[in-house]
Amino acid sequence: VRIIPLQLQRLFAQLLLLDQEAASTTDLTDSFGWTSNEEMRQHDVQELNRILFSALETSLVGTSGHDLINRLYHGTIVNQIVCKECKNVSERQEDFLDLTVAVKNVSGLEDALWNMYVEEEVFDCDNLYHCGTCDRLVKAAKSAKLRKLPPFLTVSLLRFNFDFVKCERYKETSCYTFPLRINLKPFCEQSELDDLEYTYDLFSVIIHKGGCYGGHYHVYIKDVDHLGNWQFQEEKSKPDVNLKDLQSEEEIDHPLMILKAILLEENNLIPVDQLGQKLLKKIGISWNKKYRKQHGPLRKFLQLHSQIFLLSSDESTVRLLKNSSLQAESDFQRNDQQIFKMLPPESPGLNNSISCPHWFDINDSKVQPIREKDIEQQFQGKESAYMLFYRKSQLQRPPEARANPRYGVPCHLLNEMDAANIELQTKRAECDSASNTFELHLHLGPQYHFFNGALHPVVSQTESVWDLTFDKRKTLGDLRQSIFQLLEFWEGDMVLSVAKLVPAGLHIYQSLGGDELTLCETEIADGEDIFVWNGVEVGGVHIQTGIDCEPLLLNVLHLDTSSDGEKCCQVIESPHVFPANAEVGTVLTALAIPAGVIFINSAGCPGGEGWTAIPKEDMRKTFREQGLRNGSSVLIQDSHDDNSLLTKEEKWVTSMNEIDWLHVKNLCQLESEEKQVKISATVNTMVFDIRIKAIKELKLMKELADNSCLRPIDRNGKLLCPVPDSYTLKEAELKMGSSLGLCLGKAPSSSQCLKLMLKKSGLQGDAWHLRKMDWCYEAGEPLCEEDATLKELLICSGDTLLLIEGQLPPPGFLKVPIWWYQLQGPSGHWESHQDQTNCTSSRGRVWRAASSQGASGNEPAQVSLLYLGDIEISEDATLAELKSQAMTLPPFLEFGVPSPAHLRAWTVERKRPGRLLRTDRQPLREYKLGRRIEICLEPLQKGENLGPQDVLLRTQVRIPGERTYTPALDLVWNAAQGGTAGSLRQRVADFYCLPVEKIEIAKYFPEKFEWLPISSWNQQITKRKKKKKQDYLQGAPYYLKDGDTIGVKNLLIDDDDDFSTIRDDTGKEKQKQQALGRRKSQEALHEHSSYILSSAETPARPRAPETSLSIHVGSFR
Ligand SMILES: [Zn+2]
């Protein structure tokens, strides 16, 4: 399929016709075969242009458009050499799709073209030309001319050059001019045609911003057909926003500035109600929409900023305080321009005269009109023109194309775009109405009665509450009108008040006023409860409104003294409702206790020792002043009770608080009388117990106990994964009061899951197991416990499980591949032995981390690991047991290791020995090895016992003059004394019986083939940095650890500062070659040096590898 041209066509149709701000390029880049990875990479636009053209050409083969690219862009150059002797002309023609011109040392495009196509190069003196006709070296002149001009001329500027002195690429940022209209006649071979034939107009400029290792492209395009909306809102000095603009934009975005500006305009006095409307008019968006979320209601905002705004005593009007009004004036003048700049233009912009060229700057998501003279800003600098596009002036667009975006778009795309626009419109309308409606709940006063401290529906919630959907752009007056119409029976005054459901019942807050305000300007929010009443009473009871007298639902605890007069430690807990502004003492009155002490329990430590008695003098304080909230507990004691009761009762209170309920719904689809039961439980109750209790109470068959599970039901009624029976409620993260569904069947276990996957994939046998895919899309931890449910294994919906060959070891067992590891030692016996093993062992795989080609022995960091076999071992086994078991592997017989103590165990990491496992007696479980552990074993001459602070190092002494080392010797260094460089140097010196000041040591970094001297670094740095930090060798930059190689130099006989070996040189060289090879293969793809491929901004930072750009062309018939 010719997918690239089709996707290009569709993208352009979308840009032209789709009624949305941006179009996605995903389909197009998909058609290139680019992965998301490639899309993130920076490519050179000149290169892209070429590759795209070539891909288009390939995919148009055999169609009427097969020569499209050629027709539009193909031109030719002719290179000529004229012999001065015989005047013979030798000629070579070159094709081009774009002209590449130099920038360096050239003032502009015409200058560059002059150099290329007018200036002659003369061959003479010691630079003669061999003429074929004369058959000798002669003087000659070389020149080039444009032979055929394409209708569209693309010019690529060579802004990226290579500095051969510094050996680095750089960007040419010097001034390079290019004309809006250019006459190419002087550069052409033929010059007899009319001047118009050579005249070209600039219609597009690609601009590169940034350096040569990364940057950003944007493009100026002339809107030849005047399709875009070329309007300038305000004179802007620069297209990009600088920091100063940003600050002031933030400033004016702050509501303070705007409100101040409005007040100044209104002669500094305005009714608060009107302020919201003025604001809406000024900034085009209401307070509630823009600021309420962040700053709260408008009135509150004014109150909060009392240092600036002065509200009248009845809060109906607002003015600026004197000193701030002065300041506001100056702020305002400064920001005046900007405030109004944000506003949509009052009159539709002047449609500029047709002759005026319309240019746009297309910069990612931002498209803005620019003036033609702005193009000159791209002549030079970090942000400057990179590609120029000219079109023949004679090319005229047909008149019907003007301002007609549908012109030339194929019919099927027109239809597709029309359909898409209709869909967009519908969606927008839906979105508009959805985002502009408020859901209001009207509570009808006459349907309520005041009871137990709060308002409650007389009959039921459904009859007393009416839901109403209302456009929030309508006014409060409109809302009132609608409610009047709804409630035909209403008589008398109608007051609308904000109400809220509080634990005690419904409570009424402020009444709504200002009928001319829209709903979003009032304090109504979406989903608000509104109480409709006469403003005074409900069912004959005068109603207190407002936040002060909110009803509080308190938990009152007191001793039951009614039964037989004895204190039987029976504490009664009862809910009581009190207005928040009532005195605390009213509790006693309510409970008819003549005199008592009130204890309150500060929230936050329920059931703890948080009980404090309220002093007598505080009894007249209100509940709110005492910090009591809904649900707070209050304990009352007769004043003659002694306090010991409280401590005794505290425990009781504690357990009481923990007891709660869970709802279990019968979802078994079995006949039963009960649909739902309440099961009491504490956080420590097992899920199993709840399930069994529920089955009993739901009166279901006992058999269900073996074949059911509990699944939490979330707030939307969705059934979640079954909770494991063995969890407590706390472990299962179930909240008290939540609902569970009792369902048939058990939660699937991992073994069931495995069975199912094997069945689906048609695989046989049982030698399979499952692994979870880890975050780098590789097989991660295996699912070991066969009976565990997926929830217990923390598998979530959407996770990927991988089916892996091989049976898992039984639970609690590890399957450990064992490797044999020996330093390339002096023993020739070992090396030949290893060769034998290689040949004979059928399973033998040998990892060699570094090649030993052409190098003598004793080289550091040459690691060979030989695979011996797998063992299966319990996690409770000790390291010693692992070693013994490994010794039963057949290849071990040949090694003649006397006992497990003669083996040193390392983990295998990246095919090298990693962590040293020190203690033979330690169980494997405690090493935290993970399930994918592999172990390598190293033979020892004698047993060793390494302490936790011991670091095992391999030391090698440098042989003077030879650039090699003696065989490695193990050296145990106790790092307990801080692990300093000094301590290590001393240890090494003692080990080799050398004076400490006469040795130099260095750590070897095998991956980099580098040695980092330990002593000299120490001396340099101590002067500059704090001692403690740098001296610690186990930290940066040494990261000294077990198994590291330390080179030792005896300064008595070897006094140069070189630690490296010949193998290091070759290793480094090889790395360099590899890096170079990668770069070369890159460069081969480029015809010249202008490319920017890496993502890093500056050359100093490590750059991402440069990769080739490719566009795939789908195969087609
Ligand atoms: Zn000649």
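Residues numbered from 1 in each chain as written. Predicted model: local features only at pLDDT ≥ 70, side-chain atom pairs only at ≥ 80, totals over all residues. Heavy atoms only, no water.

(A) Fine view of the packing of aromatic side chains. All told, the structure shown has 21 aromatic pairs when counted by the stated rule. Note on W287 and F301: the rings are 5.0 Å apart at their centroids and 55° apart in plane angle, and the pair reads as tilted. Taken together, the residues span a long stretch of sequence, with W287 in helix 10 (residues 287-290) and F301 in helix 12 (residues 298-304) at a distance of 14 residues. Across the pair, F301 and W287 agree in class, each one buried. Above the face of the F470 ring, K474 is positioned so that its terminal group lies 5.6 Å from the ring centre. Here K1049 stacks its cationic end above the ring of F1059, 4.6 Å away from the centre of that ring. (Phe/Tyr/Trp six-rings, centres within 6.5 Å; stacked < 30°, edge-to-face > 60°. Helix = DSSP H or I, 4+ residues; strand = E, 2+ residues; numbered from the N terminus. Buried < 20%, exposed > 50% of the residue type's maximum accessible area, 1.4 Å probe, protein only. Lys NZ or Arg CZ within 6 Å of the ring centre and 35° of its normal.)

(B) Representation of helix 8 (residues 255-265) within the structure. The element helix 8 is extensively covered by neighbouring structure, given that nine of its 11 residues are classed as buried. Among the residues of helix 8, P255, L256, M257, I258, L259, K260, A261, I262 and L263 are the ones counted as buried. Phi turns positive one or two residues past the end of helix 8, at N267, with a value near 55°.

(C) A look at the coordination of the zinc ion. Surrounding the zinc ion are the protein donor atoms C83 (SG), C86 (SG), C131 (SG) and C134 (SG), which sit 2.2 to 2.3 Å from the metal. Viewed at the metal, the four donor atoms of the zinc ion are separated by angles of 101 to 115°, and the geometry they form is tetrahedral. Each donor residue of the zinc ion lies on one chain, and together they are spaced C-x2-C-x44-C-x2-C. Here C86, found in the loop between strand 1 (75-83) and strand 2 (89-96), pairs with C134, found in the loop between strand 5 (129-131) and strand 6 (136-138); they are 48 residues apart in sequence, far enough to count as distant. Relative accessible area serves as the criterion here: at 32%, C86 is assigned to the partly exposed category. Classification of C134 by relative accessible area gives partly exposed; the value is 23%. (Donors = N, O, S within 2.8 Å, 3.2 Å for Na, K, Ca; no water. Tetrahedral: all angles 85-135°; square planar, octahedral: opposite > 155°, others 65-115°.)

(D) The nonpolar core, seen in detail. Of all hydrophobic cores here, the largest spans 35 residues; its most connected members are L109, F178, L388 and Y390. Where this core is concerned, the elements lending two or more residues are strand 3 (99-102), helix 6 (109-117), strand 7 (140-148), strand 8 (152-158), strand 12 (199-211) and strand 19 (383-392). Those residues within four positions of F178 in sequence are excluded, and the remaining contacts are L109, L202, V205, I375, Q378, F379, A385, L388 and Y390. (Core = buried A, V, L, I, M, F, W, Y, C linked by side-chain atoms within 4.5 Å. Contact = heavy atoms within 4.5 Å.)

(E) Layout of the packing of helix 8 against helix 9 (residues 272-283). The interhelical angle for the contact between helix 8 and helix 9, taken along N-to-C directions, is 105°, at an axis separation of 10 Å. Put simply, helix 8 runs roughly perpendicular to helix 9. Across the interface between the two elements, I258, L259, I262 and E265 of helix 8 pack against L275, K278, L279, K282 and I283 of helix 9. When the residues that make up the contact of helix 8 with helix 9 are grouped by side-chain class, the tally is six nonpolar, no polar and three charged. (Axes fitted to C-alpha atoms, helices over the stretch in contact; angles between N-to-C directions. Parallel < 35°, antiparallel > 145°, perpendicular 65-115°, else oblique. Nonpolar A, V, L, I, M, F, W, Y, C, P; charged D, E, K, R; others polar.)

(F) Examining the pattern of salt bridges more closely. All chains considered together, the criterion is met by 37 salt bridges. The partner of E189 in a salt bridge is R147, and the shortest N-O contact between them spans 2.7 Å. Taken together, the residues E189 in the loop between strand 11 (181-183) and strand 12 and R147 in strand 7 connect sequence positions 42 residues apart. Judged by its relative accessible area of 27%, R147 falls in the partly exposed class. Residue K185 pairs with D195 through a salt bridge whose shortest N-O separation is 2.8 Å. Of this pair, K185 sits in the loop between strand 11 and strand 12 while D195 sits in the loop between strand 11 and strand 12, and the two are 10 residues apart along the sequence. (Salt bridge = Lys/Arg side-chain N within 4 Å of Asp/Glu carboxyl O.)

(G) Up close: the sheet that holds strand 7. The antiparallel open sheet is built from four strands, whose spatial order is 2-1-7-4. The outermost strands of the open sheet, each flanked by one partner alone, are strand 2 and strand 4 (121-123). Between one strand axis and the next, the sheet turns by 25° as a mean value, whatever way the strands run. Sheet topology note: the strand 4/strand 7 ladder contains three bridges and is antiparallel. Across the sheet, residue F123 finds its bridge partner in strand 7, namely A140. (Pairing = 2+ DSSP bridges.)

(H) Representation of the environment of P811. In this fold, P811 is placed in the loop between strand 40 (801-805) and strand 41 (813-821). Look at P811 and you get exposed, because its relative accessible area is 62%. Measuring from C-alpha to C-alpha, the distance between P811 and E875 comes to 9.2 Å, with 64 residues separating the pair along the chain.

(I) Quick look at unusual backbone geometry. If you check the backbone angles, D135 has positive phi at about 55° while not being a glycine. Structurally, D135 can be placed in the loop between strand 5 and strand 6. Taking the relative accessible area as the measure of exposure, D135 reaches 56% and is therefore exposed. A positive phi is found at R963, a non-glycine position, where the angle reads about 55°. Note that R963 resides in the loop between strand 47 (950-959) and strand 48 (964-965).

(J) Layout of the sheet that holds strand 16 (residues 317-320). Spatially, 14-16-15 is the arrangement adopted by the three strands of the open sheet, whose pairing is antiparallel. Each having just a single partner strand, strand 14 (270-271) and strand 15 (309-311) make up the two edges of the open sheet. One ladder, built from three bridges, connects strand 15 with strand 16; its direction is antiparallel. Within strand 16, the residue paired with L311 across the bridge is V318.

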